[in-house]
Amino acid sequence: MHNAKAVSTPIAPHFKLSAAQYPSIDQDIEYMSRVPYSSAVRSLMYAMVCSRPDLSYAMSLVSRYMSTPSKEHWRAVQWIFMYLRGTADSYLKFGRTENRLIGYVDSHYAADLDKRKSLTRYVFIVGSCAISWRATLQSVVVLSTTEAEYMAISEACKELIWLKGLYAELCGVDFCINLFCDSQSTIYLTKD
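Owing to the predicted nature of the structure, the values given are computational and were not obtained by experimental measurement. (Residues numbered from 1 in each chain as written. Predicted model: local features only at pLDDT ≥ 70, side-chain atom pairs only at ≥ 80, totals over all residues. Heavy atoms only, no water.)

## Regarding the pattern of salt bridges
The line we're drawing: Every case where a carboxyl oxygen of Asp or Glu lies within 4 Å of a side-chain nitrogen of Lys or Arg is listed as a salt bridge. Secondary structure follows DSSP: runs of H or I at least 4 residues long count as helices, runs of E at least 2 residues long count as strands, and numbering of each begins at the N terminus.
Tallied over the full model, the rule gives eight salt bridges. Arg64 is the partner of Asp112 in a salt bridge, and the nearest nitrogen-oxygen pair spans 3.7 Å. Here Arg64 lies in the loop between helix H3 (56-62) and helix H4 (71-86) and Asp112 lies in the loop between strand E1 (101-108) and strand E2 (119-126), a separation of 48 residues in the sequence. Linked through salt bridges whose partners overlap, the residues forming this network are Arg134, Glu155 and Lys158.

Printed below as a string of structure tokens:
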């Protein structure tokens, strides 16, 4: 990967990973048996947990296929390494928020091509530091984008309540926390 071309996104939209891509030809099975897929994913997972929350969606995607990855899954992992190569000197910086806790939540409707489950993503920041983030598949199949967003807000609110209690205990301050969502229908449903 030292001579690989750097890319600017953690995962490209052309990666449509699914279980149907599992290797079926003997040559592909032989090739993938020599590929350190699980080791590479574990290394990337360590980087994501420790210092790179921008990798959380990409890692959520590639870690679903740890048992029998295909060449396409391996290309997606290599893409993540190319992203890290291109952003080695970069860092995430969030705007100043007066040391208050702020959250952002979003969902991706039917993101999993195999089970048609939606993806929940959220991040909570204090000041300019991300303190909690998550990108995970929802436990049930939803019927609309509004329902997917509503479930994402529900999961984010659980984390928000816990973080609010922790923040109040550490700082001695209890206040209202802003949680931002980009779905107007879900915001109206939540307020109702």
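## Remarks on the packing of aromatic side chains
What counts, and what does not: A pair of aromatic rings is counted whenever rings of Phe, Tyr or Trp (Trp by its six-membered ring) have centres within 6.5 Å, and the orientation is called stacked for planes under 30 degrees apart, edge-to-face for over 60 and tilted otherwise. Whether a charge sits over a ring comes down to the Lys NZ or Arg CZ being within 6 Å of the ring centre and within 35 degrees of the ring normal.
Applying the stated rule across the entire model yields five aromatic pairs. Each ring, one from Tyr22 and one from Tyr65, has its centre 6.4 Å from the other, and the planes form 75 degrees; the classification is edge-to-face. Placement of Tyr22 in the segment before helix H1 (26-33) and of Tyr65 in the loop between H3 and H4 is noted, with a sequence separation of 43 residues between them. For the cation-ring pair, Lys71 lies above Tyr31, with the distance from its terminal atom to the ring centre recorded as 4.9 Å. The ring of Tyr57 carries Arg121 above its face, with NZ or CZ at 5.6 Å from the centroid.

## A closer look at the sheet that holds E2
Stated precisely, the cut-off is as follows: At least two bridges found by DSSP between two strands are what make those strands a pair. Where helices are involved, their axes are fitted lines through C-alpha atoms of the stretch in contact, as for all axes, and angles between N-to-C directions lie from 0 to 180°. Contacts are residue-level and defined by heavy atoms, with any inter-residue pair within 4.5 Å sufficient.
Read from one edge of the open sheet, four strands run E3-E2-E1-E4, paired in mixed fashion. Each having just a single partner strand, strand E3 (129-137) and strand E4 (178-181) make up the two edges of the open sheet. For this sheet, the mean inter-axis angle between neighbouring strands, taken without regard to orientation, is 15 degrees. Sheet topology note: the E1/E2 ladder contains eight bridges and is antiparallel. Each residue of the ladder has a partner; that of His108, found in E2, is Leu119. In this fold helix H5 (residues 145-171) packs onto E1, E2, E3 and E4, with an angle of close to 155 degrees to the strand it touches most, E1.

## Focus on the confidence of the model for the chain
Selection rule: Summary of the metric used: pLDDT quantifies the predictor's per-residue confidence within the range 0 to 100.
Taken over all residues, the pLDDT of the chain has a mean of 87, while the share at 70 or more is 96%. Predicted confidence in the chain is weakest over E3, with a mean pLDDT of 86, and strongest over H4, with 93.

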